[in-house]
Amino acid sequence: MTAVRSLIAIATGVLLAITAVSPADAVDDGRVDVAPEVAQMLEEVPGGVLIDGHHAVWPALHMELVVPTGSPRSFSASSVGPCPSGGVCLFAGYSLGGTMLAFSTCGIHSIPSSFSARSLAHARSSGYTQARNGTTVLATAYVGGWANIYGTTTNLRCVL
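All values reported here derive from a predicted model rather than from experimental measurement.

Caption draft 1: Here's a closer look at the side chain of T129. Considering the arrangement of structural elements, one finds T129 in strand β8 (residues 128–133). Separated by 2.5 Å, the side chains of T129 and H122 make a polar contact. Non-local contacts of T129, meaning those with residues more than four positions away in its chain, are made with V88, L120, H122, A139, T140, A141, L156, R157 and C158.

Caption draft 2: Representation of the confidence of the model for the protein chain in the model. Mean pLDDT over the protein chain works out to 82, with 76% of the residues at or above the 70 mark. The low-confidence segment residues 1–28 (pLDDT under 50) makes six contacts with residues lying over four places distant or belonging to another chain.

Caption draft 3: Representation of unusual backbone geometry in the model. We note that H62 has phi near 55°; this positive angle belongs to a residue other than glycine. Tracing the backbone shows H62 in the loop between β2 (55–58) and β3 (63–66).

Caption draft 4: Representation of the nonpolar core in the model. Grouped together as the largest cluster of nonpolar side chains are 24 residues, with contacts concentrated most on L90, L101, F115 and L120. For this core, the secondary-structure elements that each account for two or more residues are α2 (36–44), β2, β3, β4 (88–91), β5 (100–103), β9 (136–142) and β11 (155–159). When neighbours within four sequence positions are excluded, F115 is seen to be in contact with M41, L65, L90, F91, A92, T99 and L101. Counting residues in each nonpolar core, the second largest holds ten residues, with V80, L96, A102 and A123 among its members.

Caption draft 5: Main features of the sheet that holds β11. The antiparallel open sheet is built from four strands, whose spatial order is β6-β11-β8-β9. Whereas interior strands pair on both sides, the edge strands pair on one side only; in this sheet they are β6 (108–110) and β9. Pairs of neighbouring strands in the sheet enclose a mean axial angle of 20°, with direction left out of account.

Caption draft 6: Expanded view of the state of the cysteines. What the rule picks out here adds up to two disulfides. Here C83 connects covalently by a disulfide to C89, the sulfurs 2.1 Å from one another. Looking down the S-S bond of the C83 and C89 bridge, the torsion is 80°, so its handedness is right-handed. According to the relative accessible area criterion, C83 is buried, its value standing at 0%.

Caption draft 7: Molecular detail of the packing of aromatic side chains. Taken as a whole and judged by the stated rule, the model has two aromatic pairs. Geometrically, the ring pair formed by Y94 and Y150 is stacked, given 5.4 Å between the ring centres and 25° between the ring planes. Here Y150 lies in the loop between β10 (145–148) and β11 and Y94 lies in the loop between β4 and β5, a separation of 56 residues in the sequence. Here Y150 falls in the exposed class, since its relative accessible area comes to 56%. Ring geometry for Y128 against Y142: centres 5.9 Å apart, planes inclined by 50°, an arrangement best described as tilted. Of this pair, Y128 sits in strand β8 while Y142 sits in strand β9, and the two are 14 residues apart along the sequence. What makes Y128 partly exposed here is its relative accessible area of 24%. By relative accessible area, which is 54% here, Y142 ends up exposed.

Here is what the cut-offs are and how they apply
- Residue indices begin from 1 for each chain and proceed along its sequence in written order.
- Given that the model is predicted, a residue must reach a pLDDT of at least 70 before its local features are reported, and side-chain atom pairs must reach 80 or more before they are shown or counted; all residues, however, enter totals for whole chains, interfaces and linings.
- Calculation of side-chain values draws on the structure's entire complement of heavy atoms; hydrogens and water are dropped beforehand.
- Secondary structure is summarised from DSSP: a helix means a run of H or I of at least four residues, a strand means a run of E of at least two, and numbering begins at the N terminus for each.
- Within 3.5 Å is the distance limit for a polar contact, defined as a pair of N or O atoms, with the added protein rule that one can donate a hydrogen and the other accept it, and that residues adjacent in sequence qualify only through two side-chain atoms.
- We call two residues in contact when some of their heavy atoms are within 4.5 Å.
- The quantity known as pLDDT measures the predictor's confidence residue by residue, on a range of 0 to 100.
- To form a nonpolar core, buried Ala, Val, Leu, Ile, Met, Phe, Trp, Tyr and Cys residues must be joined to one another through side-chain atoms within 4.5 Å.
- A 1.4 Å probe rolled over the protein chains alone gives each residue an accessible area, and that area as a share of the maximum for its type sets the label: buried under 20%, exposed over 50%, partly exposed in between.
- A pair of strands is considered paired only if DSSP assigns at least 2 bridges between the two.
- Note on definitions: angles span 0 to 180 degrees between N-to-C directions of axes, and those axes are lines fitted to C-alpha atoms, for helices only across the stretch in contact.
- Criterion for a disulfide: a pair of cysteine sulfur atoms at a distance within 2.5 Å.
- Aromatic pairing here means that ring centres of Phe, Tyr or Trp (its six-membered ring) are within 6.5 Å. Orientation follows from the plane angle: under 30 degrees is stacked, over 60 is edge-to-face, and everything else is tilted.

Set out below in structure tokens:
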């Protein structure tokens, strides 16, 4: 009986130790500073995974949101600005500026209403990408290119 009590005491101590210190506690005062754009998108679109305070992904949607942190980004030769090679991206600012919403697959992607797109990039090796409001094309970016968007984007259409 003493062995069982000892095991219970050890297990309880381990559980308390695990729950007492979490990865979030290791960051500053115990809280992760999440950019408002990331928090709003996580609330609006289910299935998101917070990578850090400026970056979240939605694996099932092949979608990624990146809020600039002020440090310079490095780009590969086949990327279009900050849009990674093979991706199609929307940006909250004109000329590929601001928060980036990236998709790693080609198709039609719904754009969350909380994201206001002002430019798009097509970093794929073929085809083109259109920013659309319903079926109305607002802007088109071709291989290795980008375009500014004027109007409200409700979906992104990538064509191979």
